[in-house]
Amino acid sequence: MSDNNLVSPNSAPHSDVEDIKRRSNYLRGSLVETLEDRITGSIPEDDNRLMKFHGSYMQDDRDLRNERHKQKLEPAYQFMLRVRAAGGVVTPEQWLMMDRVAQKYANGTIRLTTRQSFQLHGVLKWNMKSTIQEVNESMLSTLAACGDVNRNVMCNPNPYQSEIHSEVYEWARKVSSHLDPRSRAYHEIWLDGEKVVDSLEDGAEQEPIYGPVYLPRKFKIGMAVPPSNDVDVYSQDLGFIAIVEDGKLIGFNVSVGGGMGMTHGDPLTYPQVAKVIGFCKPEQIIDLAEKTVMIQRDYGDRAVRKHARFKYTIDDRGIDWFVNELSNRLGWKLEEAKPFHFDHNGDRYGWVKGSNGKWHFTLFIQNGRVKDDADYLLMTGLREIAQIHNGDFRLTANQNLIIANVSSHKKKKIEELIQRFGLTDGHHYSALRRNAMACVSLPTCGLAMAESERYLPTLLDKIDPILEENGLSEEDIVIRMTGCPNGCARPMLAEIAFIGKAPGKYNMYLGGGFSGHRLNKLYKENIGETEILDSLRQIMKQYAQEREIGERFGDYVIRAGYVKEVLDGQQFHA
Ligand code: SRM
Ligand code: SF4
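Residues numbered from 1 in each chain as written. Chains lettered and ligands numbered in written order. Predicted model: local features only at pLDDT ≥ 70, side-chain atom pairs only at ≥ 80, totals over all residues. Heavy atoms only, no water.

(A) Expanded view of empty space enclosed by the protein. Summed over all chains, the structure comprises 4 cavities of 30 Å³ or more. Empty space within the largest cavity amounts to approximately 90 Å³. Looking at the largest cavity, the residues that line it are Asn-156, Pro-157, Asn-158, Ser-228, Asp-230, His-344, Gly-346, Asp-347, Arg-348, Thr-362, Thr-396 and Ile-402. Split into classes, the residues belonging to the lining of the largest cavity amount to 2 nonpolar, 7 polar and 3 charged. When residues of the lining of the largest cavity are sorted by domain, at least three fall in each of domain 1 (16-191 + 210-330) and domain 2 (351-421). In this structure, the second largest cavity occupies an estimated 70 Å³ of space. (1 Å grid on protein atoms, 1.4 Å probe; cavity = no way out; pocket = protein on both sides within 12 Å on 5 of 7 lines; lining within 4 Å. Points joined across faces, edges and corners; volume = space filled by probe spheres on them. Nonpolar A, V, L, I, M, F, W, Y, C, P; charged D, E, K, R; others polar. Domains from an automatic or database assignment.)

Here's what the structure looks like:
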């Protein structure tokens with residue numbers, strides 16, 4: 001650990017991004033001018049850094065990159081826009097708005113993300129303002145969907161335990177809005193809000209939680225309702241685990257220091273599972289979230305962005321240091337953590353009746369991509385449902401969608417539409433596919449090293465017969481793929497994971513915990529499809545023959561000696 005990690009941000013060396021933030025006058029930069037520049041479809045790098053705080057990344061279509069380069073054209077610049085909704089809950093009107101803007105301004109698809117947000121791809125610079133305005137008119141926002149701030153607050157979306165869920169969800173919304181940036185830049189730039197002349201120099205505009213340079217890195221919060229760990233609470237910088245006694249929410253266990261991202265070949269970077277540090281009452285969580293964010297603001301590494309996540313702040317200084325610092329800032333201490341139990345981190349598909357008497361249908365959405373194909377009109381089907389639905393929609397942390405709070409008299413009509421469009425709860429797929437996630441990756445993600453969303457379904461087509469041969473088609477096994485080691489589909493927590501290394505090549509990991517509690521471990525490096533299938537053929541056969549009753553695949557591969565158990569991220573590369 002370098003000394004730089006232990007000094008306050010004001011005296012430590014800064015990365016270039018810190019300087020960009022500091023100069024930006026609370027996220028304004030020169031965005032107004034560069035968005036108006038009609039000569040190029042791009043914006044300069046400094047503004048692109050700031051654009052993230054406004055919920056967008058500049059990208060180019062990587063499928064077209066070489067051809068455009070040959071033709072001496074500038075890359076096909078376009079923008080990804082992320083729209084966040086705490087806990088992934090949106091109204092039918094908001095769904096219809098997303099559908100409309102996707103057709104009008106983006107590539108005609110909607111991407112449901114692993115953090116219960118929406119993403120649009122392919123928005124051109126000239127259309128960004130209209131898109132963001134329409135999103136805001138429907139009371140959703142792109143502010144802080146990306147950038148060095150608190151991101152979309154995740155929350156278990158399954159309303160079957162209706163009262164507990166809605167209470168936890170309300171807390172998620174409160175935490176989320178409390179941690180929103182307060183800068184008026186977003187309103188000025190996108191919504192033609194009145195220009196606030198106050199600048200950094202006169203200090204009249206303040207970010208009371210973040211300050212003028214915001215956080216050293218992104219920050220993530222998730223709220224789980226046991227027994228479901230669908231939000232993968234151990235992957236979050238800050239997690240809240242609902243504790244229910246006698247049918248009442250009595251508070252939350254608090255977990256800190258999780259995160260997935262790493263760099264291939266750099267052992268100083270690693271995924272980490274969060275540690276549970278205690279229990280607090282519901283009304284204490286806003287204060288606790290605020291103080292935790294401020295500790296990371298003050299002690300996170302601002303020199304090396306790869307080392308700037310909260311997990312490193314905690315691992316470098318120790319969990320006791322953090323708990324002590326937190327208690328000092330709060331002026332109160334956490335109680336001892338309460339017992340809880342997770343039994344899965346996936347979604348429960350199909351119809352379920354909630355304790356409020358309303359119905360909820362969890363729809364399987366392959367890798368979160370909502371679009372119309374010739375033989376599957378998913379987007380049209382959901383549009384027709386949204387037009388008659390008077391409950392809500394819930395984006396799950398597994399990239400699926402719940403048509404939620406359907407009244408008994410609407411259920412028949414919605415069921416008819418589900419049937420007419422053949423919308424699936426995934427029952428005719430293998431359990432492996434129902435438990436699969438893949439990140440976006442190519443062609444839009446600038447960091448992708450290999451395919452993911454476009455490839456995992458094909459790979460699963462080839463794994464399915466292996467499962468069938470071994471009688472494992474209905475065995476729930478969590479499989480995840482990403483195009484690079486940033487971990488956007490939280491692959492390091494999966495029982496089987498493929499992390500992109502180069503085109504067509506993946507590192508294969510095994511041994512994550514079925515309920516998202518344990519990291520996996522590298523099994524084979526830089527392998528292609530043939531070797532992936534050969535490996536799985538052998539392991540699945542043995543698993544089918546040798547597993548003990550109820551033994552999960554991730555537990556089996558450790559017992560059988562394929563990989564070592566990883567109990568702490570610092571052993572991930574060991
Ligand atoms: Fe992610 C960067 C997509 C969830 C860790 N992520 C990116 C970017 C923006 C690429 C970039 O920086 O240029 C990707 C955009 C691709 C595209 O074309 O759309 C991207 N991340 C996604 C989404 C859409 C994946 C998905 O398939 O759903 C998820 C959007 C979440 C949201 O709605 O807010 C997404 N990203 C995650 C998660 C999972 C989570 O948060 O639960 C992680 C791992 C958890 C964590 O943060 O530790 C994750 N994304 C990263 C990282 C690595 C961060 C790190 O600590 O090193 C990057 C790269 C970075 O930040 O430098 C990244
Ligand atoms: Fe892109 Fe890598 Fe995230 Fe996949 S994991 S979306 S390839 S940054």
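(B) A look at the nonpolar core. Counting residues in hydrophobic clusters, the biggest one holds 97 residues, and the most contacted among them are Trp-95, Phe-118, Phe-240 and Leu-382. Summarising the domain contributions, this core has at least three residues from each of domain 1 (16-191 + 210-330) and domain 2 (351-421). Ala-438, Leu-467, Ile-477 and Met-481 belong to the second-largest nonpolar core, a separate cluster that totals 33 residues. (Core = buried A, V, L, I, M, F, W, Y, C linked by side-chain atoms within 4.5 Å. Buried < 20%, exposed > 50% of the residue type's maximum accessible area, 1.4 Å probe, protein only.)

(C) How the structure looks around the packing of aromatic side chains. Under the defined criterion, the tally for this structure stands at 20 aromatic pairs. Aromatic side chains Trp-351 and Trp-359 sit 6.3 Å apart centroid to centroid with 85° between the ring planes, which places their arrangement in the edge-to-face category. Each ring, one from Tyr-509 and one from Phe-572, has its centre 5.7 Å from the other, and the planes form 15°; the classification is stacked. One end of the pair, Tyr-509, is in strand β21 (residues 505-510); the other, Phe-572, is in the segment after α17 (553-559), and 63 residues separate them in sequence. Accessibility expressed as a relative area gives 4% for Tyr-509, which makes it buried. Here the guanidinium or amino end of Lys-411 rests over the ring plane of Trp-351, the centre of that ring lying 4.9 Å away. (Phe/Tyr/Trp six-rings, centres within 6.5 Å; stacked < 30°, edge-to-face > 60°. Helix = DSSP H or I, 4+ residues; strand = E, 2+ residues; numbered from the N terminus. Lys NZ or Arg CZ within 6 Å of the ring centre and 35° of its normal.)

(D) Summary view of the packing of helix α7 (residues 162-178) against helix α9 (residues 285-299). The geometry of α7 relative to α9 is characterised by a closest axis approach of 10 Å and an angle of 40° between their N-to-C directions. Considering only the axes of α7 and α9, their crossing is right-handed. Residues Trp-171, Lys-174, Val-175 and His-178 of α7 pack against Ile-285, Ile-286, Ala-289 and Glu-290 of α9. Class assignment of the residues belonging to the contact of α7 with α9 gives a composition of 5 nonpolar, 1 polar and 2 charged. (Axes fitted to C-alpha atoms, helices over the stretch in contact; angles between N-to-C directions. Left-handed = near helix turned anticlockwise from the far one by under 90°. Contact = heavy atoms within 4.5 Å.)

(E) Highlighting the site of ligand 2. The environment of ligand 2 is made up of Cys-439, Val-440, Ser-441, Cys-445, Leu-447, Ala-448, Thr-482, Gly-483, Cys-484, Asn-486, Gly-487 and Cys-488. Taken together, the residues that form the shell around ligand 2 break down as 7 nonpolar, 5 polar and no charged. (Near = heavy atom within 4 Å.)

(F) Focus on the site of ligand 1. What surrounds ligand 1 is a group of 29 residues, the closest being Thr-113, Gln-119, Thr-444, Cys-488 and Arg-490. Side-chain polar atom of Gln-399 to an oxygen atom of ligand 1: 3.3 Å apart, as the coordinates give it. Counting only elements with at least two residues in the shell around ligand 1, the list comes to β1 (56-60), β2 (77-83) and β5 (118-123). Tallied by class, residues from the shell around ligand 1 come to 9 nonpolar, 12 polar and 8 charged. Counting the residues that make up the shell around ligand 1, at least three belong to each of domain 1 (16-191 + 210-330) and domain 3 (431-571). (Polar contact = N/O pair within 3.5 Å; in protein donor to acceptor, adjacent residues only side chain to side chain.)

(G) Structural detail: the side chain of Asn-253. Turning to its location among the elements, Asn-253 is positioned in strand β9 (residues 248-256). On the basis of relative accessibility, which here comes to 0%, the residue Asn-253 falls in the buried class. Among all residues touching Asn-253, those that are not within four sequence positions of it are Gly-239, Phe-240, Ile-241, Ile-243, Val-276, Gly-278, Phe-279, Ala-337, Lys-338 and Phe-340.

(H) Structural detail: the coordination of the iron atom of ligand 1. Among protein residues, the single donor to the iron atom of ligand 1 is Cys-488 (SG), with a metal-donor distance of 2.3 Å. Here Cys-488 is to be found in the loop between β19 (479-482) and β20 (496-502). (Donors = N, O, S within 2.8 Å, 3.2 Å for Na, K, Ca; no water.)

(I) Focus on the packing of helix α15 (residues 456-469) against helix α16 (residues 529-546). Close contact between α15 and α16 brings their axes to 10 Å; oriented N to C, the two are set at 25°. It follows from the interaxial angle that α15 and α16 lie roughly parallel. The chirality of how α15 crosses α16 is right-handed. Across the interface between the two elements, Leu-459, Lys-462, Ile-463, Ile-466 and Leu-467 from α15 touch Glu-529, Ile-532, Leu-533, Leu-536, Arg-537 and Met-540 from α16. Residue classes in the contact of α15 with α16 are distributed as 8 nonpolar, no polar and 3 charged. (Parallel < 35°, antiparallel > 145°, perpendicular 65-115°, else oblique.)

(J) Just the domain arrangement of the chain, in detail. Under the domain assignment, the chain is made up of domain 1 (16-191 + 210-330), domain 2 (351-421) and domain 3 (431-571). Put simply, the middle of domain 1 and the middle of domain 2, counted by C-alpha atoms, are 26 Å apart. In this assembly, 34 residues from domain 1 lie in contact with 31 residues from domain 2. Considering only the side of domain 1, the residues that lose the most area to domain 2 are Pro-92, Trp-95 and Leu-112, jointly responsible for 23% of the buried surface there. At the junction of domain 1 with domain 2, the criterion picks out 1 salt bridge. Across the pair Asp-99 and Arg-383 runs a salt bridge whose closest N-O atoms are separated by 2.9 Å. The interface formed by domain 1 and domain 2 holds 10 residue pairs in polar contact (both at pLDDT 80 or more) in total. Mapped onto the side of domain 1 that touches domain 2, the elements with two or more residues apiece are β3 (89-90), α5 (92-105), β4 (110-112), β5 and α7. Per-element tally for the side of domain 1 that touches domain 2: the top contributor is α5, with 6 residues. (Buried area = accessible area lost by both parts, 1.4 Å probe. Salt bridge = Lys/Arg side-chain N within 4 Å of Asp/Glu carboxyl O.)

(K) Representation of the sheet that holds β9. Pairing within the open sheet is mixed, and its 5 strands lie in the order β6-β7-β8-β9-β10. Since the sheet does not close on itself, it has two edges, and those belong to β6 (154-155) and β10 (275-280), each with one partner. Summarising the sheet, strand β7 (residues 221-224) and strand β8 (residues 238-245) pair through 4 bridges and their orientation is parallel. Bridging across to β8, Gly-222 finds its partner in Gly-239. The sheet strands contacting α7 are β6, β7, β8 and β9, and the helix crosses β9 at an angle near 45°. The strands touched by α9 are β7, β8, β9 and β10; relative to β8, the strand with the most contacts, the crossing angle is about 160°. (Pairing = 2+ DSSP bridges.)

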